[in-house]
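Structural description and commentary
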Amino acid sequence: ENNPLNNKKILFFGDSITYNENYYRRTFYRITRAKEIGNISYPGAHLADYSTDVPLNGNYTDTSDGGVHNVVCNQVYHWLNNAPDDAIPDIIIISAGTNDVYTSPSQLETDVNVYATTSGWIDVDTIDRTTFEGAMRWITSKLRTRYPNASIVFASPIQSAQNIGPEKSIDIFLAKEAKMRRACDHLSAKLIEATSRSGITGEFESNGSAGRYLQDGLHPNTNGGDLLGTFYATSLIPMFAKKMEWDSDS
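Presented here is a report on the structure given in the accompanying data block. (Residues numbered from 1 in each chain as written. Predicted model: local features only at pLDDT ≥ 70, side-chain atom pairs only at ≥ 80, totals over all residues. Heavy atoms only, no water.)

1. With respect to the nonpolar core
Counting residues in hydrophobic clusters, the biggest one holds 43 residues, and the most contacted among them are Phe 13, Ile 94, Ile 139 and Phe 154. Mapped by element, the contributors of at least two residues to this core are strand S1 (9-14), helix H3 (72-82), strand S3 (91-95), helix H4 (132-146), strand S6 (151-155) and helix H5 (170-187). Among the elements that line this core, the one with the most residues is H5, at seven residues. For Phe 154, the contacting residues outside a window of four places in its chain are Ile 94, Met 136, Ile 139, Thr 140, Met 180, Cys 184, Ala 189, Lys 190, Leu 191 and Ile 192. Counting 24 residues, the second largest nonpolar core, distinct from the first, contains Ile 17, Tyr 23, Tyr 24 and Leu 228. (Core = buried A, V, L, I, M, F, W, Y, C linked by side-chain atoms within 4.5 Å. Buried < 20%, exposed > 50% of the residue type's maximum accessible area, 1.4 Å probe, protein only. Helix = DSSP H or I, 4+ residues; strand = E, 2+ residues; numbered from the N terminus. Contact = heavy atoms within 4.5 Å.)

2. A few points about H4
Spanning 15 residues, H4 covers 22 Å between terminal C-alpha atoms, matching the ideal 21 Å at 1.5 Å per step. With respect to burial, H4 is a largely interior element, eleven of its 15 residues being buried. Turning to H4, its buried residues are Phe 132, Glu 133, Gly 134, Ala 135, Met 136, Arg 137, Trp 138, Ile 139, Thr 140, Ser 141 and Leu 143. On its buried face, H4 sits against S1, H3, S3, strand S5 (120-121), S6 and H5. (Expected span 1.5 Å × (residues − 1).)

3. Quick notes on the sheet that holds S3
Spatially, S2-S1-S3-S6-S7 is the arrangement adopted by the five strands of the open sheet, whose pairing is parallel. On the outer flanks of this sheet lie strand S2 (35-41) and strand S7 (190-192), each paired with one strand and no other. Here the strands of the sheet are splayed against their neighbours by 20° on average, with no regard to which way each runs. For S3 and S6, the ladder comprises five bridges, and the chain directions are parallel. Paired with Ile 93 across the two strands is Val 153, which belongs to S6. (Pairing = 2+ DSSP bridges. Axes fitted to C-alpha atoms, helices over the stretch in contact; angles between N-to-C directions.)

4. Regarding the packing of H4 against H5
In contact at an axis separation of 10 Å, H4 and H5 are set at 40° when each is read in the N-to-C sense. By the angle class used here, H4 and H5 are oblique. Like other packed secondary-structure pairs, H4 and H5 cross with a definite hand, here right-handed. Residues Phe 132, Glu 133, Met 136, Arg 137, Thr 140 and Arg 144 of H4 touch H5, and the partners they reach there are Lys 176, Lys 179, Met 180, Arg 182, Ala 183, Cys 184 and Leu 187. Tallied by class, residues from the contact of H4 with H5 come to six nonpolar, one polar and six charged. (Parallel < 35°, antiparallel > 145°, perpendicular 65-115°, else oblique. Left-handed = near helix turned anticlockwise from the far one by under 90°. Nonpolar A, V, L, I, M, F, W, Y, C, P; charged D, E, K, R; others polar.)

5. Considering the pairing of S3
Among the five residues of S3, five are classified as buried, and the element is accordingly described as predominantly covered. Taking every second residue as pointing to the same face, both faces of S3 are buried, with Ile 91, Ile 93 and Ser 95 on one and Ile 92 and Ile 94 on the other. Bridging between S1 and S3 involves five bridges; their strand directions are parallel. Looking across to S3, one finds that Gly 14 is bridged to Ser 95.

Below, the structure written as structure tokens:
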């Protein structure tokens, strides 16, 4: 098979939708036949830090203080400090943002400079990780320092049932995706546009009950997992097909 993801080593970070293999990873691996080397996701994880004093200690499963440690930056910190030396990913996928709470799209509209000034790139250890852009800059910088040849891929969150609350509205989620797209452009990272392109729409879902693709208005059912896993696979395959052609010509 001429699938550019066959046997590629993939490392995942994310929230509950990545944590449970039935929500999309099983279908993704069936299609791509990639090789998973790590899944450091956890239910309830936020993409951005809760506050500026969230400690980076790798304890992303700690819920003793309300779960404020449960952020992707702590997942990345944990991996970088505990991963085997020979666990070197080809592709790193960060799928998060569903649990970050915003009640108005305007809260995501401000562009924060966590990248560079006229004198050079801003020290990554001084940036504000409470914003999408700050967290994504930190995540990308730290992972690229360790794995300079790995491709970094972010995935925007899938739509939820509208009646869960204003923080799960379609406008909020589209604003999250737009913010992630801007950050990926700055960071030369790839983006899987799951909010606007996966085929899962909140129109057919309801909070706390089974809908067309979500079992409870938030998490995929069997149909949703198949749809989302297929979407991830068909989004990534074209991204890496060209690279495979170039590699074969060299």
